[in-house]
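Chain by chain, the residues:
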Amino acid sequence: MRRLGNYINGQAVPSNSGRYGSVFNPATGHESCQVALSNQAETREAIASAEAAFSQWSQVTPLNRARVMFKFKALVEQHADEIATLISQEHGKVFSDARGELTRGLEVVEFACGIPHLQKGEHSLNVGRGVDSFSLMQPLGVCAGISPFNFPAMVPMWMFPVAIACGNTFVMKPSEKDPSVPLRLAELLTEAGLPDGVFNIVNGDKEAVDVLLTDERVQAVSFVGSTPIAEYIYATASAHGKRVQALGGAKNHMLVMPDADPDQVVASLIGAAYGSAGERCMAISVAVCVGDEVADRLVGQLADEIDQLRVGPGLGLTEEAHMGPVISEQHCAKIKDYITLGQQEGASLIRDGRDFVYPGHEHGYFVGASLFDHVTPGMRIYQEEIFGPVLCVVRAESYQQALTMINEHEYGNGTAIFTRDGDTARQFCENVQVGMVGVNLPIPVPMAFHSFGGWKRSLFGPLHMHGPDGVRFYTRMKTVTARWPTGLRAGAEFSMPTMK
Ligand code: NAD
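These figures come from a predicted structure and were not determined experimentally.

Focus on the site of the ligand
Thinking step 1. Contacts to the ligand come from 27 residues, most closely from Ser147, Glu176, Ser226, Gly248 and Glu385.
Thinking step 2. Note that an oxygen atom of the ligand is positioned 2.7 Å from one of the backbone N or O atoms of Ser147.
Thinking step 3. In the model, an oxygen atom of the ligand is placed 3.0 Å from a nitrogen or oxygen of the Phe149 main chain.
Thinking step 4. Counting residues per element, the ones that place at least two in the shell around the ligand are α8 (206–214), β11 (218–224) and α9 (227–239).
Thinking step 5. Split into classes, the residues belonging to the shell around the ligand amount to 15 nonpolar, 8 polar and 4 charged.

So this is what it looks like as structure tokens:
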């Protein structure tokens, strides 16, 4: 059995921890390889490699750091099909979706290529007589990233391109469920000319993560994953003096107004709820319909569309499936348990994906598209993140009731409103308590030059990922106030200095 180790100081290194996790192909249920679950000493070795590389890398000029990013972008593009195939083999998503994920990751690399401009800081001439003031945006040192299974390329690429372009060095701890893609990206970074030790990968679980959260050489931690772990990461790393951004789970609502274009709503919902088998933090998992008429029509149309959905392996079909399997046997069972729970809670199960089997792939982790109507806020299937192809339809009597429902939900990652009324859309954008908002657009993932992040229990920490917040997160501001020429001497001053 092939065993994946770590990537430290510019090369692949086997692990000596003696602990391994299994990596499965979700379409077949077969174990494809094993991944090292690194011990504390190996994690410290990765941190040491990053720390040793920092003094030189932080002195490389911004333009030369950008040039490495340009080369890396070209290499990833050259190997895009190979990387997308790896994503699909270990995650299960269909090939075109894997290519899309890689494109969204590459957009952050393109953003990072602009670092000479992004890291310029500010300058004020003559803030006092002969006194100038300017700010420096300096790198922090060793930064760490911990990523989830659902975007094995894109989420690490939300983090390391900006961190490295800013002059930091990095230790990445990818998801142990699909670790091959980050290792491939590490090889391509080396091929692009990144000096050894600037980017390192330590594979593993809590044992490795806990070292990253507590080792004093690590200055900042970026995390994406489920809310309970995000909260733990935020609390632990903050208590150890680190800068932290920890993105958590979601339950994204689409508010459907009576004046919305019904066909546009259905087309948007079907992709946003079931694309990637619902395993996206920006997937729509709740449709809130204002009025019974809207809900009745939507549920009928959705049921028809679900009957046309192609569910199957992510690779190798003549006509590509719309969605693939979910990540693991345990997650598959958990999603099916939620469907059973929804029935027990009294929701109407309109389409039931529990018995779906793809012929010839009987051990694959497939769940068919499932749809509940008459879901209410008191139900657990409404409150909790299912992270699978299960859409809940909730009925509201008014716009205000729908808005209150969204605002009272514990998660606040993404949301969307579908309406033809500009007043309502504008009010919604202003008043909804959610970090990323779509208007007649179901998955409002901000482009790389804006920042990505939710509100409430979907994000712990003040700064979002990539875009302007990404640069702020990975740099430390220093402000210099200087008097030249020295001939302009000031006398002793005992009151608070002001620039007269
Ligand atoms: P997860 O929280 O189980 O794992 C995320 C990372 O944390 C992995 O690298 C894992 O090894 C590590 N980890 C797990 N348990 C740990 C522990 N006890 N201590 C320390 N580290 C631990 O998440 P997942 O199942 O891989 O990913 C799915 C979740 O990620 C969903 O909740 C989804 O909403 C969320 N997600 C959020 C966003 C966002 O932008 N907000 C984006 C993608 C995914």
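A few points about the sheet that holds strand β4 (residues 20–25)
Thinking step 1. Read across the sheet, 3 strands follow the order β1-β5-β4 without closing on themselves; strand pairing throughout is mixed. Of all the strands in the sheet, just β1 (3–4) and β4 have a single pairing partner and so form its edges.
Thinking step 2. Both β4 and strand β5 (residues 30–36) contribute to a ladder of 6 bridges, which runs antiparallel. Of the residues in β5, the one forming a bridge with Gly21 is Val35.

Describing the sheet that holds strand β23 (residues 475–483)
By definition, the strands of a sheet pair up through backbone hydrogen bonds, in either a parallel or an antiparallel sense.
Thinking step 1. Taken in spatial order, the 3 strands make up an open sheet running β6-β7-β23, and their pairing is antiparallel. For this open sheet the edge positions go to β6 (123–128) and β23, each flanked by a neighbour on one side alone. Shown here is a sheet whose adjacent strand axes are inclined to one another by a mean of 30°, direction ignored.
Thinking step 2. Here β6 runs beside strand β7 (residues 131–139); their pairing, made up of 3 bridges, is antiparallel. Within β7, the position partnered with Ser124 by the bridge is Ser133.

Points about the pairing of strand β8 (residues 142–146)
Thinking step 1. β8 sits mainly inside the fold: 5 of its 5 residues count as buried.
Thinking step 2. Residues Val142, Ala144 and Ile146 point to one face of β8 and Cys143 and Gly145 to the other, with burial holding for every one of them.
Thinking step 3. Here β8 pairs with strand β9 (residues 169–173) via 5 bridges, running parallel. Within the sheet, the bridge partner assigned to Gly145 lies in β9 and is Met172.
Thinking step 4. Chirality of the crossover, the property in question, places the unit of β8, helix α6 (residues 154–165) and β9 among those that are right-handed.
Thinking step 5. As judged from the 5 bridges shared by β8 and β11, these two strands associate in the parallel manner. Of the residues in β11, the one forming a bridge with Val142 is Val218.

What counts and how
- Residues numbered from 1 in each chain as written.
- Predicted model: local features only at pLDDT ≥ 70, side-chain atom pairs only at ≥ 80, totals over all residues.
- Heavy atoms only, no water.
- Near = heavy atom within 4 Å.
- Polar contact = N/O pair within 3.5 Å; in protein donor to acceptor, adjacent residues only side chain to side chain.
- Helix = DSSP H or I, 4+ residues; strand = E, 2+ residues; numbered from the N terminus.
- Nonpolar A, V, L, I, M, F, W, Y, C, P; charged D, E, K, R; others polar.
- Pairing = 2+ DSSP bridges.
- Axes fitted to C-alpha atoms, helices over the stretch in contact; angles between N-to-C directions.
- Buried < 20%, exposed > 50% of the residue type's maximum accessible area, 1.4 Å probe, protein only.
- Right-handed = clockwise from strand over helix to strand, strands pointing away.

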